[in-house]
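In case you want the letters, here they are:
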Amino acid sequence: MSVGMTDREADLARVKGLIRDIPDFPKPGILFKDITPLLGDATGFRTAIELMATAVNGPTPEYIVGTESRGFIFGAALAYELGAGFIPVRKPGKLPADVHSAEYELEYGTDALEVHRDALHQGARTLIVDDLLATGGTARATADLLRRLGAEMLGYCFVLELTFLNARQQMTDAPVTALIQY
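In this report, we go over the structure that sits alongside the text. All of these numbers come straight from a predicted model, not from anything done at the bench.

Side note on the packing of aromatic side chains
Alright, step 1. Under the defined criterion, the tally for this structure stands at four aromatic pairs.
Alright, step 2. Between F25 and F32, the aromatic rings sit 5.1 Å apart at their centres with planes inclined by 85°, giving edge-to-face as the arrangement.
Alright, step 3. On the basis of relative accessible area, F25 is assigned to the partly exposed category, the value being 42%.
Alright, step 4. Ring geometry for Y156 versus F158: centroids 6.4 Å apart, planes at 10°, classification stacked.
Alright, step 5. Over the ring of Y182 we find K33; its NZ or CZ atom is 3.8 Å from the centre of that ring.

A short note on the pattern of salt bridges
Any two side chains of opposite charge can pair, so long as their charged atoms come close to each other.
Alright, step 1. Under the definition given, this model contains 10 salt bridges.
Alright, step 2. With a shortest N-O distance of 2.6 Å, D131 and R70 are connected by a salt bridge. Of the two residues, D131 sits in strand 7 (residues 125–133) while R70 sits in helix 4 (residues 70–82), which places them 61 residues apart along the sequence.
Alright, step 3. A relative accessible area of 6% means that D131 is categorised as buried.
Alright, step 4. With relative accessibility at 35%, the residue R70 sits in the partly exposed group.
Alright, step 5. Between R147 and D173 there is a salt bridge, with the nearest N and O atoms lying 2.8 Å from each other. One end of the pair, R147, is in helix 5 (residues 137–148); the other, D173, is in the loop between strand 8 (152–161) and strand 9 (176–181), with 26 residues separating them in the sequence.
Alright, step 6. Classification of R147 as partly exposed rests on a relative accessible area of 42%.
Alright, step 7. The partly exposed category is assigned to D173, whose relative accessible area is 38%.

Digging into a negative patch on the surface
Alright, step 1. A surface patch of negative charge is lined by D7, D11, E50 and E81.
Alright, step 2. Mapping E81 onto the fold places it in helix 4.
Alright, step 3. A residue is classified by how much of its surface remains accessible, and E81, at 42% relative accessible area, is partly exposed.

A look at the nonpolar core
Alright, step 1. By size, the foremost hydrophobic cluster in this structure holds 27 residues, and its most contacted members are L120, I128, L146, M153, Y156, F158 and M171.
Alright, step 2. Among the elements of the structure, strand 3 (63–67), strand 4 (85–89), strand 5 (99–106), strand 6 (109–116), strand 7, helix 5, strand 8 and strand 9 are those that each provide at least two residues to this core.
Alright, step 3. Per element, the largest residue contribution to this core is five residues, and it comes from helix 5.
Alright, step 4. In contact with L146, not counting residues within four places along its chain, are V65, L120, T126, I128, A151 and M153.
Alright, step 5. Counting residues in each nonpolar core, the second largest holds 23 residues, with I19, L127, L179 and I180 among its members.

Here is what the cut-offs are and how they apply
- Residues numbered from 1 in each chain as written.
- Predicted model: local features only at pLDDT ≥ 70, side-chain atom pairs only at ≥ 80, totals over all residues.
- Heavy atoms only, no water.
- Phe/Tyr/Trp six-rings, centres within 6.5 Å; stacked < 30°, edge-to-face > 60°.
- Buried < 20%, exposed > 50% of the residue type's maximum accessible area, 1.4 Å probe, protein only.
- Lys NZ or Arg CZ within 6 Å of the ring centre and 35° of its normal.
- Salt bridge = Lys/Arg side-chain N within 4 Å of Asp/Glu carboxyl O.
- Helix = DSSP H or I, 4+ residues; strand = E, 2+ residues; numbered from the N terminus.
- Patch = residues over 30% accessible without salt bridge, like charges linked within 9 Å, V, L, I, M, F, W, Y side chains within 5 Å.
- Areas by Shrake-Rupley, 256 points an atom, 1.4 Å probe, with all protein chains shown as cover.
- Lys, Arg positive; Asp, Glu negative; His and termini not counted.
- Charge placed at Lys NZ, Arg CZ, Asp CG, Glu CD.
- Core = buried A, V, L, I, M, F, W, Y, C linked by side-chain atoms within 4.5 Å.
- Contact = heavy atoms within 4.5 Å.

See below:
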């Protein structure tokens, strides 16, 4: 740990150090933030989950809601850490029972997400978890699905946030937490 650095700052630096930049992926001009080294480092991954758990302020969520697909990784681990249930929000056609669906805008076109209609009870305390907050479309679509189910939105929690895309300004319905901001 560097002189003058708190334990939390040292933990954040460790997590950030395990995220690598991949230039020109998936297309030229994009600087991709690759979390696979973080996932492959047991101590780093555990530290990220612990940091996310301590970032949850207020009431404990009954359910962690993870969006496909990297939200499943962080969401399931965080649900375990907090003693909460886990609800997957998936791409269309992947869930076997009756679903609610929400479309959202992509850079070029639209996509959709689905959740089981019976995934949770009215008033359930929920936290949306994903690896990355970029434009916020996926997170906002997930929040829309939870509102249709009658859930209480406690907030959003991300490992990374790309602040230059200004998604946070459009997400005023619940607190937004991101461990690392670029």
